[in-house]
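Listed below, chain by chain, are the residues.
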Amino acid sequence: MNAVSQKQKRKQKAYSDYVKQITPTHSLPLNMLRAFVTGGGICVLGQLILGVARGRGLDTDTAGTWCSVILIFLSVLLTGLNIYPKIGQFGGAGGLVPITGFANSVAASAIEFRAEGQVFGIGCKIFTIAGPVILYGILSSWILGIIYYILKLTGVM
């Protein structure tokens, strides 16, 4: 019985050593720095686009719209060229949280299923990520709109 338990302990030790060897180590400060630099870089690019648009005489709302459109376009383009996934892998949440991260996730799901055809591949699978976000965004807006309407009717607001 003693020889069996010794053998089992050696196996467990070997397995623990193996797990430690193949488990990637992460540095929280380094990951936070990467996220900050990546997200900050995206925001700086957005500010540059906004500044150029305002410098061309556009009002704040129109410049903001152009900024969003250009950032989304760049995100989808870089996703198609397989560059944005590398940015997201490097920057973690810094590349996934801004509007570009949402555009990347929608474009990536469409690209992933393009082999299934235009309708069943791209047409259906593009909403794998976007669908729930759009659904809950519209639903919560609708509910808040009704609450606002009722508060207006009752004179609270």
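Residues numbered from 1 in each chain as written. Predicted model: local features only at pLDDT ≥ 70, side-chain atom pairs only at ≥ 80, totals over all residues. Heavy atoms only, no water.

Peer 1: Is there a simple way to explain the overall build of the protein in this structure?
Peer 2: Of regular secondary structure, the protein possesses eight helices and zero strands. Along the protein, helices and strands appear, N-terminal first, in the series α-α-α-α-α-α-α-α. Per-residue burial over the protein gives 17% buried out of 157 residues. At a minimum sequence separation of 6, the contacts of the protein that also span at least 24 residues come to 51%. Total accessible area on the protein stands at roughly 11800 Å², and carbon and sulfur atoms take up 70% of it. (Helix = DSSP H or I, 4+ residues; strand = E, 2+ residues; numbered from the N terminus. Buried < 20%, exposed > 50% of the residue type's maximum accessible area, 1.4 Å probe, protein only. Contact = heavy atoms within 4.5 Å. Areas by Shrake-Rupley, 256 points an atom, 1.4 Å probe, with all protein chains shown as cover.)

Peer 1: Whenever I open this one, helix α3 (residues 60-80) confuses me. Can you help?
Peer 2: In an α-helix, one turn spans 3.6 residues, which is why side chains three or four residues apart end up on the same side. Over its 21 residues, α3 extends 30 Å from the first C-alpha to the last, a length consistent with the 30 Å expected when each residue adds 1.5 Å. Every buried residue of α3 is listed here: A63, C67, L71, S75 and T79. Viewed end-on, α3 has its buried residues packed into an arc of 135 degrees, placing them on one side of the element. In α3, the exposed residues that point more than 90 degrees away from the buried face are D61, F73 and G80. For α3, the elements touching its buried residues are α2 (28-55), α4 (84-91) and α6 (99-112). With a side-chain oxygen positioned 3.3 Å from the backbone nitrogen of D61, the residue opening α3 is D59. A positive backbone phi angle near 65 degrees is found at N82, which sits one or two residues after α3. (Expected span 1.5 Å × (residues − 1). Arc of directions from axis to C-beta. Polar contact = N/O pair within 3.5 Å; in protein donor to acceptor, adjacent residues only side chain to side chain.)

Peer 1: Sorry if this is basic, but what is going on with the side chain of S75 here?
Peer 2: For S75, the location among the structural elements is in helix α3. Residue S75 is classed as buried on the basis of its relative accessible area of 1%. For S75, the side chain forms a polar contact with the main-chain oxygen of T100, separated by 2.6 Å. If near-sequence neighbours (up to four positions away) are discounted, S75 is found in contact with Y84, T100, A103 and N104.

Peer 1: Explain the pattern of salt bridges to me, please; I cannot follow it from the model alone.
Peer 2: Opposite charge on two side chains permits them to pair, given that their charged atoms come into close proximity. Taken as a whole, this structure holds one salt bridge when the rule is applied. Among the salt bridges present, the one from D17 reaches K13, with a minimum N-O distance of 3.3 Å. Placement of the pair is D17 and K13 together in helix α1 (residues 2-22), with a separation of four residues, close to one helical turn. Given the relative accessible area of 36%, D17 is considered partly exposed. The exposure class of K13 is exposed, given its relative accessible area of 52%. (Salt bridge = Lys/Arg side-chain N within 4 Å of Asp/Glu carboxyl O.)

Peer 1: Which parts of the structure should I look at to understand the confidence of the model for the protein?
Peer 2: It should be kept in mind that the predicted coordinates are not to be read in detail where pLDDT is low. When the pLDDT values of the protein are averaged, the result is 84; 84% of them are 70 or greater. Per-element confidence in the protein ranges from a low mean pLDDT of 64 for helix α7 (residues 118-125) to a high of 94 for α2. (pLDDT = per-residue confidence, 0-100.)

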